[in-house]
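In case you want the letters, here they are:
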Amino acid sequence: MPKRILVAEDEAPIANVVAMKLRGAGLEVVVARDGQEAYEQAMAVRPDFLITDLQMPGMTGLELCARLTRELDKAIPTILLTAKGFELGDTALEGLPIQRVMTKPFSPRELLAAVQAALGN
Amino acid sequence: MIELRRAIAVILLFLGVGVGLHLLMTPLRETDQSATIMAMTLSCGLALAVLGIIGGFLVARLPKERINHVAEYLETMVRRGTLGLVVADNEADALGRLGHAVNRYLAFVKDEIEQTNITAKERQIQIKVLEAERRHVESVIHAISDGVLVTGAFGDLLQANSAAESIFGFRFDAAVRKPVDEVITDKTFLALLHEMRETGLFIPHRTVEWVQNRGGQSLAWRVVLNTVVEGKKRDRLSGVVVVLHDVTKEKEIARMKSDFVSNVTHELKTPLASIKAYIEMLLDGDVHEPAQCREFFQTIGAETDRLNRLIENILNLSRLESGLVPVNKTDLAVTEILRDVGEVMTPQAAQKNIRLEVDLAPVFFRVNGDRDMLYQAVLNVVSNAVKYTPEGGKVRISTYLSDGSVVVEVTDSGYGIPAEELQRVFEKFYRARVSSKVAPGTGLGLPLVKHVVEVIHGGRVTLESQVGKGSTFRILLPAVR
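So, here is what we can say about the structure in this document. (Residues numbered from 1 in each chain as written. Chains lettered and ligands numbered in written order. Predicted model: local features only at pLDDT ≥ 70, side-chain atom pairs only at ≥ 80, totals over all residues.)

1. Describing the environment of Arg 474 of chain B
All names here are of chain B. By the element assignment, Arg 474 lies in strand β12 (residues 470-478). Given 19 C-beta atoms within 10 Å, Arg 474 falls into the partly exposed group. In the structure, Arg 474 is positioned 13 residues away from Val 461 in sequence and 5.7 Å away in space, judged by C-alpha atoms. For Arg 474, the contacting residues outside a window of four places in its chain are Val 407, Val 408, Glu 409 and Thr 462. (Helix = DSSP H or I, 4+ residues; strand = E, 2+ residues; numbered from the N terminus. Buried ≥ 20, exposed ≤ 12 C-beta atoms within 10 Å, placed from the backbone. Contact = placed C-beta atoms within 7 Å.)

2. Here we look at the sheet that holds strand β11 (residues 460-466) of chain B
Residues and elements named next belong to chain B. Across the sheet, which stays open at both edges, the 5 strands sit in the order β7-β9-β10-β12-β11 with mixed pairing between neighbours. Two strands lie at the open edges of the sheet, namely β7 (355-359) and β11, each paired on one side alone. Between one strand and the next, the sheet's axes are offset by a mean angle of 15°, whatever the strand orientation. Examined bridge by bridge, strand β10 (residues 405-412) and β12 share 7 bridges and lie antiparallel to one another. Residue pairing for β12: Val 406 is matched across the bridge by Leu 477. In this fold helix α11 (residues 334-351) packs onto β7, β9 (394-402) and β10, with an angle of close to 170° to the strand it touches most, β7. (Pairing = 2+ DSSP bridges. Axes fitted to C-alpha atoms, helices over the stretch in contact; angles between N-to-C directions.)

3. Thoughts on helix α4 (residues 108-119) of chain A
An ideal rise of 1.5 Å per residue puts 16 Å on 12 residues; α4 of chain A measures up with 16 Å between its terminal C-alpha atoms. Elements in contact with the buried residues of α4 of chain A: β1 (4-8), α1 (12-24), β3 (49-53), β4 (78-82) and β5 (98-103) of chain A together with α9 (248-283) of chain B. The positive-phi residue at the C-terminal boundary of α4 of chain A is Gly 120 of chain A, with phi of around 85°. (Expected span 1.5 Å × (residues − 1).)

4. Quick word on the pairing of strand β1 (residues 147-152) of chain B
Residues and elements named next belong to chain B. When β1 meets strand β5 (residues 236-246), the two strands line up antiparallel, connected through 6 bridges. Counterpart to Leu 149 in the pairing with β5 is Val 242. Direction of pairing for β1 relative to strand β2 (residues 157-160): antiparallel, over a ladder of 3 bridges. Paired with Val 150 across the bridge in β2 is Gln 159. The turn linking β1 back onto β2 is made up of 4 residues, and Gly 155 within it adopts a positive phi angle of 75°.

5. Here's the deal with the interface of chain A and chain B
Put simply, an interface is often sized by how much accessible area is lost when its parts join up. Between chain A and chain B, the contact holds 21 residues from the first and 20 residues from the second. For the side of chain A that touches chain B, the secondary structure elements donating two or more residues are α1 and α4 of chain A. Here the element with the most residues in the side of chain A that touches chain B is α1 of chain A; it accounts for 6 residues. Classifying every residue of the side of chain A that touches chain B gives 9 nonpolar, 4 polar and 8 charged. (Nonpolar A, V, L, I, M, F, W, Y, C, P; charged D, E, K, R; others polar.)

6. Quick notes on the sheet that holds strand β2 (residues 28-32) of chain A
All names here are of chain A. The 5 strands lie next to each other as β2-β1-β3-β4-β5, forming an open sheet whose pairing is parallel. In the strand order of this sheet, the two ends are held by β2 and β5, each with one partner. With strand direction ignored, the average angle separating the axes of adjacent strands in the sheet is 15°. In the sheet, β1 pairs with β3 via 4 bridges, with the strands oriented parallel. Bridging across to β3, Val 7 finds its partner in Ile 51. Contacts from α1 reach β1, β2 and β3 within the one sheet, and its direction differs from that of β2 by about 170°. Against the sheet, helix α2 (residues 35-45) contacts β1, β2 and β3, and its axis sits at roughly 165° relative to β1.

7. Concerning the packing of α9 of chain B against helix α10 (residues 290-321) of chain B
All names here are of chain B. At a minimum axis distance of 9 Å, the contact between α9 and α10 shows a crossing angle of 160°. By the criterion of interaxial angle, the relationship of α9 to α10 is roughly antiparallel. For the pair α9 and α10, the crossing hand works out as left-handed. Facing α9, whose interface residues are Val 264, Glu 267, Leu 268, Pro 271, Leu 272, Ser 274, Ile 275, Tyr 278, Ile 279, Met 281 and Leu 282, α10 presents Cys 293, Phe 296, Thr 299, Ile 300, Glu 303, Thr 304, Arg 306, Leu 307, Leu 310 and Ile 314. Of the residues belonging to the contact of α9 with α10, the class tally is 15 nonpolar, 3 polar and 3 charged. (Parallel < 35°, antiparallel > 145°, perpendicular 65-115°, else oblique. Left-handed = near helix turned anticlockwise from the far one by under 90°.)

Geometry only, nothing functional implied.
And the structure:
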């Protein structure tokens, strides 16, 4: 059974290209266009992995990650995408299951490799 | 017997004159004597000298007519209130010679008194000049907008200007000479002063930043502390001079600048991220279908345009804000601007099946403004209205006169903006949540409108909105009468 990845990204072109890359590698992808939608999708589909943008309307990627960690029994390993990587303080990621922070512009190839490494493939 | 009496007389005379002159000379050496004390000393000296002379003559039991001559002369001097000479006669005896010597001596005393009087007057003038200088320095200190505070060796308050009074909330008149710990309550600031007193001999100058919480407001101060050191070896600290400069605004500007750079970076990186990702996918052979390839190239093109638009908008706004764009104001008809905007926007509205109503007033309301800038401002508002109104909706542009202002009103039946976001949409790069989902944008259009209308034209921009029903933007410009 393919692993299910939730992609939370408000920039449509980026969400599309990430989804395409992951699907091409045989992964199942669910796309959400803002933090709230991502939260609802996560609660509904229980993804194996989360790729989220940091800056999204409504709820930031960190807030989404924190909320899911709080409300779900099992933490979802996460990759955080951001165009503001240097602004994340040392403590911002504490207690969150964030495996890696990738700054934009990023390589979809590297992102896929990181997801596969995290999923143990 | 007579010789003995004369000898006593001479001794008395010299004693009187000697003591008198000693007193006379004293004020000349003591520079810190006041004019009053000097005058009193002079008088005493003079009286003793005269008494000595008279005593000497009396004791000598001189011939009656010679004594009378001296007495008459002294009476005359008293009546005239002057210091004169001629107590001697032309006798060549010892008394005559003594008289001449006393005369010369009196002339010397007179000169000294005159010189002393001149010196006293000069001192009085100096005192007045110093007093005026002190008042001048005080008024300069009080006129300084920075807070100035001076404490003494034991932490007592010696000087504070009006700015310092309002920073710390005390009255200098009531606080002078009091321990500064009793006058100022802020513990952090007091700690700075204490530290300066303790380490001031080794570190005579320090500049620190101090954040003051005043009535819930946070104020940032740049505090410059200098010690006043005395003694030959400069080993005695006699006070601390503190100057406080308000840097709250500078801090705020620095923060805004940092936010701006951070936002610009984010906005520039976002289209760049798409471009890079799409090119990589094409290069990696992830795209197989020719139609999909074409779609990818189109996305790259669109994101490149977006990047360019963003850079153009940033440059435009930055040039406007820094006053680099020349403002050419003329009396112009707002109706004409609306008509031109209507013509440009009608095709775009038609594409979305939006009805664009341009309600041109029969009267040409005139404002004094820069045509190109006002055109851009109105275009931005109307373009937003069309962009954020769903297909089949309606946008209406109208103009009217209200309270001396020409109002340009743009109403749409669009998605609307929630109340908490109404003011934020005028912030640079801020995009209402709904906006970013519906259409691309830079978040710089409305800040430009606000700057053009409010800063350049002295007008006002207002916004009313209801989620799901639409928004009404109004641009108010002072009407030309």
